[in-house]
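Survey of secondary and tertiary structure
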Amino acid sequence: MGDIYRAIADPVRRRILYIASQKECTQSELVQAFRMSQPAIHKHIRILKEEGLISERKIGKYSLYSLNVDSYALAFAAIQQELGQILQQKLVRLKYFLEKERED
């Protein structure tokens, strides 16, 4: 897994993830859903594939995209852990600050 934040930073990519979590879809279906150019959607799909969040399945000349559930779950867990550590640090600092204030 690369940079999950890169993948989810853009609202278009988050929506693609949502759509791909509901059903397999083609690039053309995504273009219609967003009313964006095919090259723009392709760029978003490429980033999501690079980060391992969506899978591609070829049927003839068509590619079907779907959420890579296992990879998504790992990325979600990593984000939760990272944010939990940040929050824990902040709480420890707050506790230290409040105890110091009480002493003064």
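Residues numbered from 1 in each chain as written. Predicted model: local features only at pLDDT ≥ 70, side-chain atom pairs only at ≥ 80, totals over all residues. Heavy atoms only, no water.

Some thoughts on the environment of Leu 64
- Tracing the chain through its elements places Leu 64 in strand 2 (residues 62-67).
- You can call Leu 64 buried: its relative accessible area is 15%.
- Along the backbone, Leu 64 and Lys 23 are 41 residues apart, and their C-alpha atoms lie at a distance of 9.4 Å. (Helix = DSSP H or I, 4+ residues; strand = E, 2+ residues; numbered from the N terminus. Buried < 20%, exposed > 50% of the residue type's maximum accessible area, 1.4 Å probe, protein only.)

Brief notes about the side chain of Glu 51
- On the secondary structure map, Glu 51 appears in the loop between helix 4 (38-50) and strand 1 (54-59).
- Among the polar contacts listed, one links the side chain of Glu 51 to the side chain of Arg 6, at a separation of 2.7 Å. (Polar contact = N/O pair within 3.5 Å; in protein donor to acceptor, adjacent residues only side chain to side chain.)

Considering a nonpolar patch on the surface
- Residues Leu 87, Leu 91, Leu 94, Phe 97 and Leu 98 make up a contiguous nonpolar surface patch of about 480 Å² in total accessible area.
- Along the chain, the position of Leu 98 falls in helix 5 (residues 69-103). (Patch = residues over 30% accessible without salt bridge, like charges linked within 9 Å, V, L, I, M, F, W, Y side chains within 5 Å. Areas by Shrake-Rupley, 256 points an atom, 1.4 Å probe, with all protein chains shown as cover. Salt bridge = Lys/Arg side-chain N within 4 Å of Asp/Glu carboxyl O.)

Topic: the packing of aromatic side chains
- Counted by the stated rule, this structure contains 0 aromatic pairs.
- Note that Arg 15 overlies the ring of Phe 34, its terminal NZ or CZ placed 4.7 Å from the centroid. (Phe/Tyr/Trp six-rings, centres within 6.5 Å; stacked < 30°, edge-to-face > 60°. Lys NZ or Arg CZ within 6 Å of the ring centre and 35° of its normal.)

With respect to helix 5
- Helix length check: helix 5, at 35 residues, gives a terminal C-alpha distance of 50 Å against a target of 51 Å (1.5 Å per residue), a fit within 8%.
- Those residues of helix 5 that sit buried are Ser 71, Ala 75 and Ile 79.
- Elements in contact with the buried residues of helix 5: helix 1 (4-8). (Expected span 1.5 Å × (residues − 1). Contact = heavy atoms within 4.5 Å.)

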